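The residues making up each chain are set out below.
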Amino acid sequence: MPDKRKTRDGLYKISDLSRQTGVPTATIKFYLREVLLPPATVKTGRNMAYYDHSFVDRIRFIKELQKKRFLPLDVIKAVLNRDESVISPHEV
């Protein structure tokens, strides 16, 4: 079933990401500040940006690593950046 909240050619606003993932917008903004998420796909102004579907997948992956693997955010950041000096893919 297509999501009617999608805007601008399949891109999402941060509030839409929140609805899709169940993660509060404040948490998503924190992930952006901490560089757990890449910059917005399209930035249209100081307070407006759009994100592609890969952000939904990445946010869900972060939450999965927190809930199922009990990993702290600094380790999750290393996993996302493929920093094997912190944690190897085998350990994840």
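**Q** Looking at this structure, how should I read the overall build of the chain?
**A** A count of helical and extended segments in the chain gives four helices and two strands. Mapped from its N terminus to its C terminus, the chain presents α and β elements in the order α-α-β-β-α-α. Split into buried and exposed, the 92 residues of the chain put 29% on the buried side. Sequence-distant contacts in the chain: of pairs separated by 6 or more residues, those separated by 24 or more amount to 43%. Here the chain has roughly 6,300 Å² of accessible surface; of this, 52% comes from carbon and sulfur atoms.

**Q** How do you make sense of the packing of aromatic side chains when you look at a structure like this?
**A** To describe a pair of aromatic rings, one takes the distance between the centres and the angle between the planes. Inspection of every chain in the model, using the stated rule, returns one aromatic pair. Geometrically, the ring pair formed by Tyr51 and Phe55 is edge-to-face, given 5.0 Å between the ring centres and 70° between the ring planes. Judged on exposure class, the residue Tyr51 and its partner Phe55 are both buried.

**Q** Quick question: what am I supposed to make of the nonpolar core here?
**A** Among soluble globular proteins, nonpolar side chains are generally buried collectively. Within the largest apolar cluster, 22 residues are counted, with the highest numbers of intra-cluster contacts made by Leu17, Ile28, Leu37, Ile62 and Ile76. Secondary structure elements with two or more residues in this core: helix H1 (14-21), helix H2 (25-33), helix H3 (53-68) and helix H4 (73-80).

**Q** What am I meant to see in unusual backbone geometry here?
**A** Backbone geometry follows two general trends: most residues other than glycine have a negative phi, and most peptide bonds adopt the trans configuration. Unlike most non-glycine residues, Val35 shows phi in positive territory, near 60°. Within the fold, Val35 resides in the loop between H2 and strand E1 (42-45).

**Q** How should I be thinking about the side chain of Asp16 in this particular structure?
**A** Tracing the sequence through the fold places Asp16 in helix H1. Here the side chain of Asp16 touches Arg19 through a polar contact of 2.8 Å, side chain to side chain.

**Q** Help me understand the pairing of E1 in this model?
**A** Put simply, side chains in a regular strand alternate between the two faces of the sheet. Relative to strand E2 (residues 48-50), E1 runs antiparallel, the two sharing three bridges. In the strand pairing of E2, Val42 is matched with Tyr50. The loop that links E1 with its antiparallel partner E2 comprises two residues.

Cut-off values and rules
- Residue numbers restart at each chain and count upward from 1, following the sequence in its written direction.
- Local features in a predicted model are, by the rule used here, given only for residues with pLDDT of at least 70; side-chain atom pairs are given and counted only at 80 or more, and totals for whole chains, interfaces and linings are based on all residues.
- Hydrogen atoms and water are omitted, and side-chain values are computed over all heavy atoms in the structure.
- In this description a helix means any DSSP run of H or I spanning at least four residues, a strand means any run of E spanning at least two, and both kinds are numbered starting from the N terminus.
- Relative accessibility decides the category of a residue: with a 1.4 Å probe and only protein chains considered, values under 20% of the type maximum give buried, values over 50% give exposed, and everything between is partly exposed.
- Should any heavy atoms of two residues lie within 4.5 Å, those residues are counted as being in contact.
- Areas reported as accessible are Shrake-Rupley estimates using a 1.4 Å probe. Residue values count occlusion only from the protein chains shown.
- Only Phe, Tyr and Trp rings take part, Trp by its six-membered ring, and two of them pair if their centres are within 6.5 Å. Stacked means planes under 30 degrees apart, edge-to-face means over 60, and tilted covers everything else.
- Throughout this description, the term nonpolar core refers to a set of buried Ala, Val, Leu, Ile, Met, Phe, Trp, Tyr and Cys residues connected via side-chain atoms within 4.5 Å.
- Throughout this description, a polar contact denotes any pair of N or O atoms lying within 3.5 Å of each other; where both atoms belong to protein, one of them has to be capable of donating a hydrogen while the other can accept it, and for residues adjacent in sequence the pair is counted only when both atoms sit in side chains.
- The pairing criterion is simple: DSSP has to find at least two bridges between the two strands.

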